Amino acid sequence: MRAILPSGHSMTFLSLISNKKLLKAVADSGYHNPTPIQQQAIPAILAGSDVMAGAQTGTGKTAAFALPLLSKLDDNNYQIKKIRVLVLTPTRELALQVYKSFEDYGNYTHIKMAIAYGGVSIKPQVKQINSGAEVLIATPGRLLDHIENGSVSLQDLQCLVFDEADRMLDMGFQAEINNILKHAPKKRQTLLFSATFDDAIV
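For the structure given in this document, a descriptive report is provided here.

How each quantity is defined
- Residues numbered from 1 in each chain as written.
- Predicted model: local features only at pLDDT ≥ 70, side-chain atom pairs only at ≥ 80, totals over all residues.
- Heavy atoms only, no water.
- Helix = DSSP H or I, 4+ residues; strand = E, 2+ residues; numbered from the N terminus.
- Rg over C-alpha atoms; globule rule 2.2 N^0.38 Å.
- Buried < 20%, exposed > 50% of the residue type's maximum accessible area, 1.4 Å probe, protein only.
- Salt bridge = Lys/Arg side-chain N within 4 Å of Asp/Glu carboxyl O.
- Pairing = 2+ DSSP bridges.
- Axes fitted to C-alpha atoms, helices over the stretch in contact; angles between N-to-C directions.
- Contact = heavy atoms within 4.5 Å.
- Arc of directions from axis to C-beta.
- Polar contact = N/O pair within 3.5 Å; in protein donor to acceptor, adjacent residues only side chain to side chain.

When you go through the protein chain residue by residue, the secondary structure sums to eight helices and six strands. Listing each helix as α and each strand as β along the protein chain from the N terminus yields α-α-β-α-β-α-β-α-β-α-β-α-α-β. Taking 17 Å as the expected radius of gyration for a compact globule of 202 residues, we find that the protein chain reaches 16 Å, a close match to that expectation. Overall, the C-alpha framework of the protein chain stretches about 55 × 40 × 30 Å when taken along its three principal axes. Expressed as a percentage of the 202 residues in the protein chain, the buried residues total 49%.

Right, dumping it as structure tokens:
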């Protein structure tokens with residue numbers, strides 16, 4: 001569903017998000033008006049809906065899921081810090097980009113982020129996760145390493161995000177994703193962002 005806005009009316013982030021800490025971080029980033037995907041995804045995610053969104057790189061899709069998820073975490077201010085948001089990305093490069101976005105948007109909150117990808121030592125990642133991370137950005141293979149050695153539990157997970165889902169399947173991550181889903185709670189919010197949609201994605 002596409003929101004049709006009256007002509008001459010440009011939507012602001014203030015009309016989408018009420019959290020002042022996040023609005024301050026958005027202003028710091030130099031964003032003024034939300035992109036179409038942000039206008040549609042943010043209210044749906046805040047409402048707890050599952051979302052499938054077609055999004056090319058450069059459309060502001062990371063903010064479209066990062067801002068509402070950080071808003072929910074900050075509003076709840078959980079005393080016990082467990083992983084509640086998991087973002088799966090196909091590559092280390094994308095994981096680093098998404099991680100930086102979450103850090104930038106969450107700059108004025110006390111929410112901790114962690115990142116996990118392969119090709120580097122797992123020990124610093126374990127330390128970062130154990131320091132009370134509520135958001136984990138990970139590549140599928142390395143996430144399974146963490147799950148298998150007990151450094152990551154998904155039992156408190158509230159939202160699972162698939163970023164660039166089409167690329168994940170193209171790169172052969174189907175088996176890993178199925179395995180990860182076995183460890184995630186059935187009752188959760190699921191967000192899927194993909195440049196293309198075919199039967200495999202659905």
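With the rule as written, the count across this model stands at nine salt bridges. The salt bridge partner of K21 is D74, with a shortest N-O separation of 3.0 Å. Separated by 53 residues along the polypeptide, K21 in helix 1 (residues 20-28) and D74 in helix 3 (residues 61-76) bring together distant segments of the chain. Relative accessible area serves as the criterion here: at 33%, K21 is assigned to the partly exposed category. The buried category is assigned to D74, whose relative accessible area is 14%. Ionic pairing is found between K61 and E164, a salt bridge with its closest N-O pair at 3.7 Å. One end of the pair, K61, is in helix 3; the other, E164, is in the loop between strand 5 (159-163) and helix 7 (165-170), with 103 residues separating them in the sequence. Comparing K61 with E164 shows no difference in burial state: the two are buried.

One key point about sheets: their strands pair by backbone hydrogen bonds, in either a parallel or an antiparallel sense. Within the open sheet, the six strands sit side by side as 1-6-5-2-4-3. Their pairing is parallel. Since the sheet does not close on itself, it has two edges, and those belong to strand 1 (51-54) and strand 3 (113-116), each with one partner. Averaged over all neighbouring strand pairs, the angle between strand axes comes to 15°, with direction disregarded. Against the sheet, helix 5 (residues 123-130) makes contact with strand 3 and strand 4 (135-138), and its axis sits at roughly 155° relative to strand 3, the strand it touches most.

On to helix 1. When helix 1 is considered as a whole, its buried residues turn out to be L22, L23, A25 and V26. For helix 1, the angular spread of the buried residues around the axis is 160°, confining them to a single face. Exposed and oriented more than 90 degrees from the buried face of helix 1 are K20, A27 and D28. Measuring from the side-chain oxygen of the N-cap residue of helix 1 to the backbone nitrogen of K21 gives 3.0 Å; that N-cap residue is N19. Within two residues after helix 1, G30 carries a phi angle of roughly 85°, on the positive side.

Since the α-helix packs 3.6 residues into each turn, any two residues three or four apart lie on the same face. Burial in helix 2 (residues 36-46) covers these residues: I37, Q38, Q39, A41, I42 and I45. Where helix 2 is buried, its residues meet strand 1, helix 3 and strand 6 (189-194). Downstream of helix 2 by one or two residues, G48 has phi in the positive range, about 90°.

Let's shift gears to the environment of N178. Residue placement: N178 occurs in helix 8 (residues 174-183). Placed 123 residues apart in sequence, N178 and A55 show a C-alpha to C-alpha distance of 23 Å.

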